[in-house]
Amino acid sequence: MRHKVGVLLSSGDVVYAWTYDLSLTGMQFLSEYSADIGDMLSLFMSVLDPKGDDYVAIYFKVHVVHVVYDGAENCFRIGVDFAGFDGDGKETYERFLDGRIYSRFGQHLLER
């Protein structure tokens, strides 16, 4: 399942992209715009927090680690490592990811 991700530009504008792959340490997303390796980006996304069963927005910073043009998707696939989350965003993201893994595979991603 792909999730919509907002990329906050230095101008204050927002460009939207779609996740391609999620992990505990980073993600890949698909975008019509490219980025340079080493760039620091500010992103946000809305996730279902299993703790409260509500959608919440999480904000985080990432470092761009790879960029390739994906001809099948007709856009850029941008891989990033997480550099930090605002507030309790990291814990919320981990709960969200754990819930996705559990619902699909019946196993928890995180130790309980």
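What counts, and where the lines are drawn
- Residues numbered from 1 in each chain as written.
- Predicted model: local features only at pLDDT ≥ 70, side-chain atom pairs only at ≥ 80, totals over all residues.
- Heavy atoms only, no water.
- Helix = DSSP H or I, 4+ residues; strand = E, 2+ residues; numbered from the N terminus.
- Pairing = 2+ DSSP bridges.
- Axes fitted to C-alpha atoms, helices over the stretch in contact; angles between N-to-C directions.
- Contact = heavy atoms within 4.5 Å.
- Buried < 20%, exposed > 50% of the residue type's maximum accessible area, 1.4 Å probe, protein only.
- Phe/Tyr/Trp six-rings, centres within 6.5 Å; stacked < 30°, edge-to-face > 60°.
- Lys NZ or Arg CZ within 6 Å of the ring centre and 35° of its normal.

Side note on unusual backbone geometry
Consideration 1: Its identity is not glycine, yet Asn74 carries a phi of approximately 60°, on the positive side.
Consideration 2: The residue Asn74 is located in the loop between β5 (54-70) and β6 (75-85) in this model.

Some details on the sheet that holds β5
Consideration 1: Taken in spatial order, the six strands line up as β1-β2-β3-β6-β5-β4 and close into a barrel, and their pairing is antiparallel. Each neighbouring strand pair of the sheet contributes to a mean axis angle of 45°, computed without reference to strand direction.
Consideration 2: Here strand β4 (residues 40-49) runs beside β5; their pairing, made up of ten bridges, is antiparallel. When the bridges of β5 are listed, Ser46 appears paired with Ala57.

Examining the side chain of Thr92
Consideration 1: With respect to the secondary-structure elements, Thr92 resides in helix α1 (residues 89-105).
Consideration 2: Filtering out sequence-adjacent residues up to four positions away, Thr92 remains in contact with Val47, Asp49, Val56 and Ile58.

So, the environment of Val56
Consideration 1: Relative to the helices and strands, Val56 is located in strand β5.
Consideration 2: On the basis of relative accessibility, which here comes to 28%, the residue Val56 falls in the partly exposed class.
Consideration 3: Val56 sits 33 residues away from Gly89 along the chain, and the two C-alpha atoms are 9.2 Å apart.
Consideration 4: Once residues lying within four places of it in the same chain are set aside, the contact partners of Val56 are Met45, Ser46, Val47, Asp49 and Thr92.

Some thoughts on the pairing of strand β3 (residues 26-31)
Consideration 1: Across the six residues that make up β3, a large majority, six, are buried.
Consideration 2: Both faces of β3 are covered, namely the face carrying Gly26, Gln28 and Leu30 and the face carrying Met27, Phe29 and Ser31.
Consideration 3: In this structure, the hairpin formed by strand β2 (residues 14-22) and β3 is closed by a connection of three residues.
Consideration 4: Bridge analysis of β3 against β6 gives six bridges, and the strand direction is antiparallel. Note that in β6 the partner of Phe29 across the bridge is Ile78.

A look at the packing of aromatic side chains
Consideration 1: Scanning the model with the defined rule gives nine aromatic pairs in all.
Consideration 2: Members of the aromatic cluster, connected to one another through ring pairs, are Phe60, Phe82, Phe85, Tyr93 and Phe96.
Consideration 3: Across the ring face of Tyr16, the terminal group of Lys4 is positioned such that the distance to the ring centre comes to 4.5 Å.

Interpretation note: all reported values are geometric properties and have no functional meaning in isolation.
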